[in-house]
Amino acid sequence: MAKLLAISLLLAAFSAVLLSLAAPSLAGDPDMLQDICVADYKSLQGPLRLNGFPCKRPENVTADDFFSALLANPGNTGNAMGSSATAANVEKLPGLNTLGVSMARIDFAPWGVNPPHTHPRATEIIFVLEGSLDVGFVTTTNRLYARTVCKGEVFVFPRGLVHYQRNNGNSPAAVISAFNSQLPGTQAVAETLFGASPAVPTDVLARAFQIDGGLVEGIKSKFPPK
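Our subject in this report is the structure included herewith. The structure presented is a predicted model; accordingly, all values stated were derived computationally and were not measured.

Take the packing of aromatic side chains next. Counting across every chain of the model gives five aromatic pairs. Relative to Phe 53, the ring of Tyr 41 has its centre 5.7 Å away and its plane inclined at 80°; by these criteria the two rings are edge-to-face. On the criterion of sequence distance, the pair formed by Tyr 41 in the loop between α1 (2–22) and β1 (83–88) and Phe 53 in the loop between α1 and β1 is long-range, its members being twelve residues apart. Ring geometry for Phe 194 and Phe 209: centres 5.5 Å apart, planes at 40°, overall tilted. Note that Phe 194 is positioned in helix α2 (residues 189–194) and Phe 209 in helix α3 (residues 202–209), a separation of 15 residues in sequence.

Here you go:
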């Protein structure tokens, strides 16, 4: 009996160790199960749906499936925020499917802002190509970690936390972002709350921000639903 109890305890301890080792792998995209799995966008036109994209047949894969020039040119920063994000994710670069990585280029007009947002499926690291940025992220205890990053420097935004970037100079700036997800997702805080469809109830937002309903409606008018 004692021997069986000892074996049971040993198995339980072994299982706990295995789970602790496996836990970090759950923080990103699932591991790939073959060399390549180039996304087959056409298959999504049918009834099949799954977590990610189905694979092209290997005989239909070409080198172009792994290539993109999306990040070669600056984005258009002539908008209210003065910034533009160009993504090179699995929706634009099919060869990324199942690889668990993606990139983006973010361009800033002078004093432009990439407003507070989150990436629910990925940690982000930025490399500053040009200019100087004020950046920061807020933890779940509402602590802000912020500093200035300059050309050639990097900064990390932990997965799922609200963060922002702002060009702090009179000349354009640009960064390259890398993510540990093929499709990190982006939720802009203001647009998510004030531009949702159907709309988030005005009284909910009024109470949340402790402002009157008229002001909420005024803000909503600046974020028409897409």
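So, on to the state of the cysteines. As used here, a disulfide is simply a covalent bond connecting the sulfur atoms of two cysteines. Applying the stated criterion across every chain, the model contains one disulfide. Note that Cys 37 is cross-linked by a disulfide to Cys 55, the S-S spacing being 1.8 Å. Between Cys 37 and Cys 55, the S-S dihedral sits near -90°, and the bridge is therefore left-handed. Of this pair, Cys 37 sits in the loop between α1 and β1 while Cys 55 sits in the loop between α1 and β1, placing them 18 residues apart in sequence. Overall, Cys 55 belongs to the partly exposed group, its relative accessible area being 36%.

Ile 126, Leu 133, Val 135, Val 149, Phe 155 and Val 175 are the most contacted members of the largest nonpolar core, which has 13 residues in total. Within the residue set of this core, elements represented by two or more residues are β2 (102–108), β4 (124–130), β5 (132–138), β7 (154–157) and β9 (173–179). Sort the elements by how many residues they give to this core and β5 lands first, with three residues. Sequence-distant contacts of Leu 133, defined by excluding residues within four places in its chain, comprise Phe 108, Arg 147, Thr 148, Val 149, Gln 165, Arg 166, Asn 167, Asn 168, Ala 173 and Val 175.

As a further point, take the pattern of salt bridges. A side chain with one charge can pair with a side chain of the opposite charge if their charged atoms come near. All told, the structure shown has five salt bridges when counted by the stated rule. When the shortest N-O distance is used, the salt bridge between Arg 57 and Glu 59 registers 2.5 Å. Judged by relative accessible area, Glu 59 falls into the exposed class, the value being 53%. Taking the shortest distance from any N to any O, the salt bridge between Lys 151 and Glu 130 comes out at 3.4 Å. Of the two residues, Lys 151 is situated in the loop between β6 (144–150) and β7 and Glu 130 in strand β4; the sequence distance between them amounts to 21 residues.

Before going further, it helps to spend a moment on the packing of α3 against helix α4 (residues 213–220). Between α3 and α4, the shortest axis-to-axis distance is 9 Å and the interhelical angle comes to 105°. As the angle between them shows, α3 and α4 are arranged roughly perpendicular. Every residue of α4 that contacts α3 at Thr 202, Leu 205 and Ala 206 is listed here: Gly 213, Val 216, Glu 217 and Lys 220. Here the contact of α3 with α4 is built from residues that sort into three nonpolar, two polar and two charged.

Cut-offs applied
- Residues numbered from 1 in each chain as written.
- Predicted model: local features only at pLDDT ≥ 70, side-chain atom pairs only at ≥ 80, totals over all residues.
- Heavy atoms only, no water.
- Phe/Tyr/Trp six-rings, centres within 6.5 Å; stacked < 30°, edge-to-face > 60°.
- Helix = DSSP H or I, 4+ residues; strand = E, 2+ residues; numbered from the N terminus.
- Disulfide = S-S within 2.5 Å.
- Buried < 20%, exposed > 50% of the residue type's maximum accessible area, 1.4 Å probe, protein only.
- Core = buried A, V, L, I, M, F, W, Y, C linked by side-chain atoms within 4.5 Å.
- Contact = heavy atoms within 4.5 Å.
- Salt bridge = Lys/Arg side-chain N within 4 Å of Asp/Glu carboxyl O.
- Axes fitted to C-alpha atoms, helices over the stretch in contact; angles between N-to-C directions.
- Parallel < 35°, antiparallel > 145°, perpendicular 65-115°, else oblique.
- Nonpolar A, V, L, I, M, F, W, Y, C, P; charged D, E, K, R; others polar.

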